[in-house]
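Here is how the chains run, residue by residue.
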Amino acid sequence: MENQMPREEGIDHSISLLKEGYHFILNRSRKFQSNIFETRILGKKAICMIGEEAAAVFYDPAKFQRQGAAPNRIVQTLFGKNSVQTLDDDDHKQRKEMIMSVMTPEQLDSLMEMTKLQWEQSLDKWSQMDNIVFYEEVKELLCKVAFKWVGYPLHENDVKKMTKELASMFETPAAIGPSHWIGRTYRNLAEKKIQELIQNMREHKVKFPINTVLHQFAFHKDKEGNLLDVETVTVEVLNMLRPIVAISIYINFSLLALHQFPKQKEKLKAFKDYPKMFVQEVRRYYPFFPFVAAKVKQDFTWNGYQFKEGTLTLLDLYGTNHDPNKWEKPGEFYPERFAQWQGSPFSFIPQGGGDYYLGHRCAGEQITIELMKISLDFLVNRMEYELPEQNLNFNLDDIPSIPESKIILEKIVRSRSH
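The structure reproduced in this document is the subject of the present report. Only a predicted model underlies this, so the values are computations on that prediction, with no experimental measurement involved. Within every chain, residues take consecutive numbers counted from 1 along the sequence as written. Whole-chain, interface and lining totals are the exception, using all residues; otherwise, since this is a predicted model, local features are given only for residues with pLDDT of at least 70 and side-chain atom pairs are given and counted only at 80 or more. Working from all heavy atoms in the structure, the side-chain values ignore hydrogens and water.

A word on the overall build of the protein chain
Spelled out, the test is: To qualify as a helix, a DSSP run of H or I must reach at least 4 residues; to qualify as a strand, a run of E must reach at least 2; elements of each kind are numbered from the N terminus. Each radius of gyration is computed over the set of C-alpha atoms, and the globule rule expresses the reference value as 2.2 Å times the number of residues to the power 0.38. Only protein chains enter the accessibility calculation, which uses a 1.4 Å probe. A residue is then buried if its area is under 20% of the maximum for its type, exposed if over 50%, and partly exposed in between. Any two residues whose heavy atoms approach within 4.5 Å at even a single point are treated as in contact.
Scanning the protein chain from N- to C-terminus turns up 15 helices and ten strands. Relative to the compact-globule value of 22 Å for 418 residues, the protein chain shows a C-alpha radius of gyration of 22 Å, a close match. Each principal axis of the C-alpha atoms in the protein chain carries an extent, and together these give about 65 × 55 × 45 Å. Within the protein chain, the fraction of its 418 residues that count as buried is 54%. Across the protein chain, every contact between residues at least 6 apart in sequence was considered, and the portion connecting residues at least 24 apart equals 72%.

Take a look at the structure:
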């Protein structure tokens, strides 16, 4: 029996989506009392879904495809043309294998050590300053780490410039007007720099160690035995750099959580397993990316609802992580909910759902968790600071959502125990 999908009236709701941000799908889901509804985005019919069951069907490669799904403004800022996020089937599998090939235990251990060292150096710098804007400083910290990890340590003079270019890729996709176009310009500048580097490597004008991300991507061959084109390699190198810098959003929210829920600090010091739970709850509770897009691959029916080939479909990540049908008291910050958590790969999806290796779930999710844990250790155990009066509110209408003040810290010193 076919069900009638709830439908939002109106010619187009693209502007509402950009303005309402994380609330767009959640508000309408509550209004219709349904985990699925129809609207119009970019002048065309679109389906919006929320919840674990919806996520499971959304990540079924037989039902949905990524090619042609992401709006051009997302491709031109966040993903890049022909990136792994826009591919399907064998093309996606081949590209994902290339990306996962550099996620070896040795490479990840190296990344963690670089991160700890950079935190130590940053702490030395901050202790000499009257105050810092934490979000901006952590972006620079992670930018240095990211470039060093891929095999191209930045000169200190280039750090602010490259941080701005990488950050613009995740800060401007949903911006309206000049900010968005500035973001595209910064992406073009970053692409040009990496393209020249890849080309110079292939022409043996510069050399990088064989085990670096840059070298492995530059000389990676597709299933026909051909090198990937320089533009594609560049996009995937940026897909390693940009997400590491984007973790600054979560680290900022980790600091905010310590301030908003001060009792958490003692638990973090007292219980060895608590940092992992705390990090997971930060990722569930606070906003990161609001939703992901796909297109219906071929006609199918789900829960009595008809899905027609080519229909744009959005899955609500933030809403699924706050779904009262899945999470007890989703509006409360409660890390203990992850103590015995045995959730499916579709119930907790701050960075996408499904399988890391084969599906479209973020390849760097484990990196996110580990870098957040390192940062949390510094915030809780290795440094002391004060938060002056400031505006710590964050607006869920903004994508990405970041506390208004970006969190200003004063009187930063090393903890006496360290």
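Some thoughts on the sheet that holds strand β4 (residues 131–133)
Worth spelling out the cut-off: We treat two strands as partners when DSSP finds at least two bridges between them. Geometry is summarised by axes, namely lines fitted to C-alpha atoms with helices restricted to the contacting stretch, and by angles between N-to-C directions that run from 0 to 180 degrees.
The sheet built from three strands is open, its strands ordered β4-β10-β9 with antiparallel pairing. Each edge of the open sheet is held by one strand with a lone partner, namely β4 and β9 (383–386). Neighbour-to-neighbour, the strand axes of this sheet turn through a mean angle of 45 degrees, independent of strand direction. Looking at chain direction, β4 and strand β10 (residues 408–414) are connected through three bridges and run antiparallel. The partner of asparagine 131 across the bridge, within β10, is glutamate 410. Sheet strands touched by helix α7 (residues 134–150): β4 and β10. Its angle to β4, the strand with the most contacts, is close to 70 degrees.

Section: the side chain of serine 34
How we decide: Pairs of N or O atoms within 3.5 Å make up the polar contacts considered here, provided that, within protein, one atom can donate a hydrogen while the other can accept it, and that residues adjacent in sequence are counted only when both atoms are side-chain atoms.
Note on placement: serine 34 falls in the loop between α2 (23–32) and β1 (36–41). When its relative accessible area of 12% is taken as the criterion, serine 34 is described as buried. Engagement of the side chain of serine 34 in a polar contact is seen with the backbone oxygen of isoleucine 36, the distance being 2.6 Å. Beyond its immediate chain neighbours, meaning those up to four positions away, serine 34 contacts Pro6, Ser29 and Tyr305.

What about the pairing of β1?
Most of β1 is tucked away: five of the six residues are buried. By the bridge criterion, six bridges tie β1 to strand β2 (residues 44–50) in an arrangement that is antiparallel. The residue of β2 that forms the bridge with isoleucine 36 is methionine 49. Connecting β1 to the next strand, β2, in antiparallel fashion are two residues, including leucine 42 with a positive phi near 55 degrees.

Brief notes about empty space enclosed by the protein
To find the voids left in a structure, one rolls a probe of water-molecule size over its atoms. What counts, and what does not: With a 1 Å grid spanning the protein atoms alone, the term cavity applies to any set of points in which a 1.4 Å probe fits but cannot get out, the term pocket to an open set with protein on both sides within 12 Å along at least five of seven lines, and the term lining residue to any residue with an atom within 4 Å of a point. Grid points are joined across faces, edges and corners, and a volume is the space filled by probe spheres set on the points. Any residue that is not Ala, Val, Leu, Ile, Met, Phe, Trp, Tyr, Cys, Pro, Asp, Glu, Lys or Arg is counted as polar, Gly included; the first ten are nonpolar and the last four charged.
All chains considered together, the criterion is met by one cavity of 30 Å³ or more. Estimates place the volume of the largest cavity at around 40 Å³. Every residue lining the largest cavity is listed: Tyr250, Arg283, Arg284, Tyr286, Pro287, Phe288, Phe289, Leu317, Tyr318, Asn321, His322 and Pro350. Breaking the lining of the largest cavity down by element, the ones donating at least two residues are α13 (274–285) and α14 (317–320). A per-class count over the lining of the largest cavity returns eight nonpolar, two polar and two charged.

Describing helix α5 (residues 89–100)
Filter applied, for reference: Multiplying 1.5 Å by the residue count of a helix minus one yields the expected span of that helix.
Taking 1.5 Å per residue, twelve residues should reach 16 Å; α5 reaches 16 Å between its end C-alpha atoms and fits that length. For α5, the secondary structure elements touched by its buried residues are α10 (213–218) and α11 (230–260).

Digging into the packing of helix α8 (residues 159–171) against helix α9 (residues 178–202)
Heads up, the condition is: Angular relationships are summarised with four words: roughly parallel below 35 degrees, roughly antiparallel beyond 145, roughly perpendicular across 65 to 115, and oblique for the angles in between. Each crossing is labelled by how the near helix is turned from the far one, with a counterclockwise turn of less than a right angle marking it left-handed and a clockwise turn marking it right-handed.
Where α8 meets α9, the axes come as close as 8 Å, and the angle between the chain directions of the two elements is 120 degrees. Taken together, the axes of α8 and α9 are oblique relative to one another. Relative to α9, α8 is oriented so that their crossing is left-handed. Taking contact as the criterion, the partners of Met162, Lys164, Glu165, Ser168 and Met169 in α8 are, on α9, Gly183, Tyr186, Arg187, Leu189, Ala190 and Lys193. Partitioning the contact of α8 with α9 into residue classes produces five nonpolar, two polar and four charged.

Any functional reading would require information beyond the geometric quantities listed.
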